[in-house]
Amino acid sequence: MHNNEVKPTIFDGNIYIFYAFDVGEDIDFERIERHQPVLLMPYSPPKYFRNYQIPLNVELPHPHDTSNCFSARLLRFGVMSLIYKIPFSDTLENLQQVLIDVDEKFQNQSVHDAKSLYRKILPFIIKPKFFHLRTSYTVIQANPTHGQDARSFKEKFGNQIASLVRFETMNLSAEQRNEILASAQSYYRGDLV
């Protein structure tokens, strides 16, 4: 590497992928708690949750193929949610290439894991159906680099941020980039959403 070449910035962080599966009209928590077809996990809900909104935190049935699923929850209104956490240490450019493969892998993994959980709780679901609707969200959390504030981060890495948000492997047009970056928010000095 020549002295005037810029060394690529390596970011450490996590890719979080959230999935929600609509699996029936209702889930009978009381019967699940009595019969325990799955292992129940402790859960301390936020104080603003009302009792009818408190999910049932469970463990994926064993054996399962992933240690990346760090949250599996049932919701009374017939929904199960799974959250996967995938650590990374790479440049944002490389992450653009990897993100599509990671998303595809966990789309498939989530269906497998949800089906495994569904089979265990099937007798406790009112009007079961696997699955009527599935929703997913991906969040990329990158730890800040030393001495870089949110504004300079957005200026320096705006092309890569915009491409990651849209799951693109190439940089977007200036118009698309600016539209995406215009919705950026910061609450504290060192954060950017």
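Heads up: the structure comes first, above all this text.
Report on the accompanying structure. (Residues numbered from 1 in each chain as written. Predicted model: local features only at pLDDT ≥ 70, side-chain atom pairs only at ≥ 80, totals over all residues. Heavy atoms only, no water.)

Here we look at a nonpolar patch on the surface
Alright, step 1. A contiguous nonpolar patch, built from F18, Y137 and V139 and spanning about 290 Å² of accessible area, is present on the exposed surface.
Alright, step 2. Mapped onto the elements of the fold, V139 is located in strand β7 (residues 133–142). (Patch = residues over 30% accessible without salt bridge, like charges linked within 9 Å, V, L, I, M, F, W, Y side chains within 5 Å. Areas by Shrake-Rupley, 256 points an atom, 1.4 Å probe, with all protein chains shown as cover. Salt bridge = Lys/Arg side-chain N within 4 Å of Asp/Glu carboxyl O. Helix = DSSP H or I, 4+ residues; strand = E, 2+ residues; numbered from the N terminus.)

Focus on the packing of aromatic side chains
Alright, step 1. In total, this model carries 11 aromatic pairs according to the counting rule given.
Alright, step 2. A centroid spacing of 5.6 Å and a plane angle of 80 degrees characterise the contact between F11 and F153, whose relative ring orientation is edge-to-face. Here F11 is found in strand β1 (residues 11–22), whereas its partner F153 is found in helix α3 (residues 150–165), with 142 residues between them in sequence.
Alright, step 3. Overall, the relative accessible area of 18% leaves F153 in the buried class.
Alright, step 4. On the basis of an interplanar angle of 80 degrees and a centroid distance of 5.8 Å, the ring pair of Y19 and Y84 is categorised as edge-to-face. A residue pair is termed long-range when its members are at least 10 positions apart, and Y19 in strand β1 and Y84 in strand β5 (residues 79–90) qualify at 65 residues. Per residue, the accessibility class of Y19 equals that of Y84, and both read buried. (Phe/Tyr/Trp six-rings, centres within 6.5 Å; stacked < 30°, edge-to-face > 60°. Buried < 20%, exposed > 50% of the residue type's maximum accessible area, 1.4 Å probe, protein only.)

Details of the nonpolar core
Alright, step 1. Counting 37 residues, the largest nonpolar core has I15, I27, L74, M80, L82 and I121 as its most contacted members.
Alright, step 2. Every element with two or more residues in this core is listed here: β1, α1 (29–35), β3 (56–58), β4 (69–75), β5, α2 (92–121) and α3.
Alright, step 3. By residue number, the principal contributor to this core is α2, which donates nine residues.
Alright, step 4. In this structure I121 touches I27, I32, P37, V38, L74 and M80, once residues within four positions along its chain are discounted. (Core = buried A, V, L, I, M, F, W, Y, C linked by side-chain atoms within 4.5 Å. Contact = heavy atoms within 4.5 Å.)

Topic: the side chain of N14
Alright, step 1. Checked against the element boundaries, N14 lands in strand β1.
Alright, step 2. When sequence neighbours within four positions are dropped, the list of residues in contact with N14 reads K85, I86, P87, F88, V139, I140 and Q141.

Considering the pairing of β5
Here is the key point about a regular strand: its side chains alternate between the two faces of the sheet.
Alright, step 1. Taken across its 12 residues, β5 has nine buried, putting it largely inside the fold.
Alright, step 2. Note that β1 and β5 share 12 bridges and pair antiparallel. The residue of β5 that forms the bridge with D12 is S89.
Alright, step 3. One ladder, built from six bridges, connects β4 with β5; its direction is antiparallel. Note that in β5 the partner of S71 across the bridge is I83.
Alright, step 4. The turn linking β4 back onto β5 is made up of three residues, and G78 within it adopts a positive phi angle of 85 degrees. (Pairing = 2+ DSSP bridges.)

Digging into the pattern of salt bridges
Alright, step 1. Under the defined criterion, the tally for this structure stands at two salt bridges.
Alright, step 2. The closest approach of N and O atoms between E25 and K127, which form a salt bridge, is 3.5 Å. Residue E25 is located in the loop between β1 and β2 (26–27), and its partner K127 is located in the loop between β6 (125–126) and β7; the two are separated by 102 residues in the primary sequence.
Alright, step 3. The closest approach of N and O atoms between E30 and R76, which form a salt bridge, is 3.2 Å. Here R76 lies in the loop between β4 and β5 and E30 lies in helix α1, a separation of 46 residues in the sequence.
Alright, step 4. When its relative accessible area of 41% is taken as the criterion, E30 is described as partly exposed.

Observations regarding helix α4 (residues 174–182)
Alright, step 1. Buried within α4 are the following residues: R177, I180 and L181. Along the long axis of α4, the arc covered by the buried residues comes to 95 degrees, so they all point the same way. In this structure, α4 carries E175, E179 and A182 as exposed residues pointing more than 90 degrees from its buried face.
Alright, step 2. Where α4 is buried, its residues contact α3. (Arc of directions from axis to C-beta.)

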